[in-house]
Amino acid sequence: MIKLTGALCIVLSTTCIGFYRADILKKRTVYLKNIISSLCMLESEISFSQNILRRVFIHIDGMSDTAGLFLKAAERTEGQGIRDAWKSAVDDTAKEMCLKRNDIEVLYLFGENLGMSDRESQIKNIRHTVDMMGPLLDEAEEDYKKNGRLCRGAGILSGLFFAVILY
C-alpha cells in the first residue's frame, strides 16, 4: 500500500510539473496579446486625448491585464522619469508575465523613446513596437502549440516511468 501511495505521489507531482511548464508557455502568449492590445489603447489615447502619460497609463492598466506593468510605470514616473520608470516596471513584471529576453528587449526599446517627442513620433514608436511584437506573439503561440502538449505528456509519462521502475 505504501509503494502504491508513493507511486501515485510521483505520478501526480511530475504531472503537476508538466502542466506548470505548459502553463508558463500559455501565460507568455496571453500576456503578449494583452501588451499589444494595451499599446493599441495607448496609441488611441495619445491620438485623441490631452491627458498626461501618467494618467493614460493608469487608465490602460485598469482596462487590461498586463500584470500591473502600466500602473507600476505610472507610479514611478514622478520619481524616476518616464524612461527609467518604464524600464523598472518591465523588469518587475517580466517574470510574472513569463516574458523571454527578446520580449523584454522590445519593451525596453519602446521605453527609450516614450514621452520624448511629439504626438506623431509617439504614435510611430507605438506602431513600430506593435509590429515588432507581432512575430514574438506568433513565436509564443507556435511554442505553446508545439511544446505545451509535450510538457504535459512528458510530465505524465515520466511519472509513470519512475513509478514503474520504483515499484
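Conventions and cut-offs
Residues numbered from 1 in each chain as written. Predicted model: local features only at pLDDT ≥ 70, side-chain atom pairs only at ≥ 80, totals over all residues. Heavy atoms only, no water. Helix = DSSP H or I, 4+ residues; strand = E, 2+ residues; numbered from the N terminus. Buried < 20%, exposed > 50% of the residue type's maximum accessible area, 1.4 Å probe, protein only. Lys, Arg positive; Asp, Glu negative; His and termini not counted. Salt bridge = Lys/Arg side-chain N within 4 Å of Asp/Glu carboxyl O. Core = buried A, V, L, I, M, F, W, Y, C linked by side-chain atoms within 4.5 Å.

Draft legend 1. How the structure looks around the side chain of glutamate 45. Tracing the chain through its elements places glutamate 45 in helix α1 (residues 2-48). One buried charged residue, glutamate 45, forms no salt bridge at all, with the nearest opposite charge on arginine 55 at 9.4 Å.

Draft legend 2. A look at the nonpolar core. Leu39, Leu42, Phe57, Trp86, Leu99 and Met133 are the most contacted members of the largest nonpolar core, which totals 36 residues. Listed by contribution, the elements that provide at least two residues to this core are α1, α2 (53-63), α3 (69-80), α4 (82-94), α5 (101-112) and α6 (119-166). Counting residues per element, this core draws most heavily on α1, which supplies eight residues.

Draft legend 3. Highlighting unusual backbone geometry. Although it is not a glycine, alanine 67 sits at a positive phi angle of roughly 60 degrees. Turning to its location among the elements, alanine 67 is positioned in the loop between α2 and α3. The class of alanine 67 is buried, set by a relative accessible area of 10%. Look at cysteine 98: it is not a glycine, yet its phi comes out positive at around 60 degrees. Turning to its location among the elements, cysteine 98 is positioned in the loop between α4 and α5. What makes cysteine 98 buried here is its relative accessible area of 16%.

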